[in-house]
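Examining the three-dimensional arrangement
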Amino acid sequence: MPVMTEPVHAGEFIVSEGNNSISREKVELAANLTLLPGTVLGKNTATAVYGPLDPAADTGLQMASGVLWDHVTTDATGGEAVIIARLAEVHQDLLVWPDGITAEQQVTATEELASLDIILRQGERA
């Protein structure tokens, strides 16, 4: 029998979040993206459009600004998505970080998320 791997579910990375929808926000995403729940995002400061965290950028995308709630695929014009923007605890092992991120860059991004009251927890699954 073949081995089947279950995909990551929407919000699976959340340990806890604020009541109702206080932790969530609907945002604009950049064009031509395919992202998984738990992807750490940055925000382009000139356009207010979110995209995957990019430590090498100088547009604002180098600063962690939230965590993607669900699977998203955007087209050439971009799209909308729900993110965890504040007041939440998230399971650090279920977050999606950019390829090649260094330990130092990940610490910086973790601190940036903490400034939004998004706290990373290890070993705690909802």
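In this report, the structure presented in the accompanying data block is examined.

Turning next to the overall build of the chain. Looking only at helices and strands, the chain features 1 helix and 10 strands. The order of α-helices and β-strands along the chain, N terminus first, is β-β-β-β-β-β-β-β-β-α-β. Its C-alpha radius of gyration of 14 Å places the chain within 12% of the 14 Å reference for a compact globule of 126 residues. In terms of overall dimensions, the chain has a C-alpha envelope of 45 × 35 × 35 Å along the principal axes. In the chain, buried positions account for 37% of the 126 residues. The long-range share in the chain, meaning contacts at least 24 apart out of those at least 6 apart in sequence, stands at 69%. For the chain, the exposed area adds up to about 7300 Å²; of that, 52% sits on carbon and sulfur atoms. A distance of 8 Å separates the average location of the 6 positive side-chain charges in the chain from that of its 18 negative side-chain charges.

Looking now at the sheet that holds strand E10 (residues 118–121). Here 3 strands make up an open sheet; going across it, the order is E1-E9-E10 and the pairing mixed. Lying at the two open borders of the sheet, with one neighbouring strand each, are strand E1 (14–17) and E10. Here the strands of the sheet are splayed against their neighbours by 20 degrees on average, with no regard to which way each runs. Both strand E9 (residues 88–91) and E10 contribute to a ladder of 4 bridges, which runs parallel. Directly across from Ala88, in E10, lies its bridge partner Ile118.

Turning next to the packing of aromatic side chains. If you walk through the whole model with that rule in mind, you get 1 aromatic pair. Summarising the aromatic geometry, the rings of Phe13 and Trp69 are spaced 6.5 Å apart at their centres and angled 70 degrees between planes, so their arrangement reads as edge-to-face. Of this pair, Phe13 sits in the segment before E1 while Trp69 sits in the loop between strand E6 (64–68) and strand E7 (72–73), and the two are 56 residues apart along the sequence. We classify Phe13 as buried; its relative accessible area is 1%. Its end group placed over the ring of Trp69, Arg24 keeps NZ or CZ at 3.8 Å from the ring centre.

Before going further, it helps to spend a moment on the nonpolar core. Counting 17 residues, the largest nonpolar core has Ile84, Leu95 and Trp97 as the members making the most contacts within it. If we ignore the near neighbours within four places in the chain, the residues touching Leu95 are Phe13, Gly38, Val40, Val67, Val90 and Leu120. Within the second largest apolar cluster, 11 residues are counted, among which are Leu29, Leu41, Tyr50 and Leu68.

Calculation rules
- Residues numbered from 1 in each chain as written.
- Predicted model: local features only at pLDDT ≥ 70, side-chain atom pairs only at ≥ 80, totals over all residues.
- Heavy atoms only, no water.
- Helix = DSSP H or I, 4+ residues; strand = E, 2+ residues; numbered from the N terminus.
- Rg over C-alpha atoms; globule rule 2.2 N^0.38 Å.
- Buried < 20%, exposed > 50% of the residue type's maximum accessible area, 1.4 Å probe, protein only.
- Contact = heavy atoms within 4.5 Å.
- Areas by Shrake-Rupley, 256 points an atom, 1.4 Å probe, with all protein chains shown as cover.
- Lys, Arg positive; Asp, Glu negative; His and termini not counted.
- Charge placed at Lys NZ, Arg CZ, Asp CG, Glu CD.
- Pairing = 2+ DSSP bridges.
- Axes fitted to C-alpha atoms, helices over the stretch in contact; angles between N-to-C directions.
- Phe/Tyr/Trp six-rings, centres within 6.5 Å; stacked < 30°, edge-to-face > 60°.
- Lys NZ or Arg CZ within 6 Å of the ring centre and 35° of its normal.
- Core = buried A, V, L, I, M, F, W, Y, C linked by side-chain atoms within 4.5 Å.

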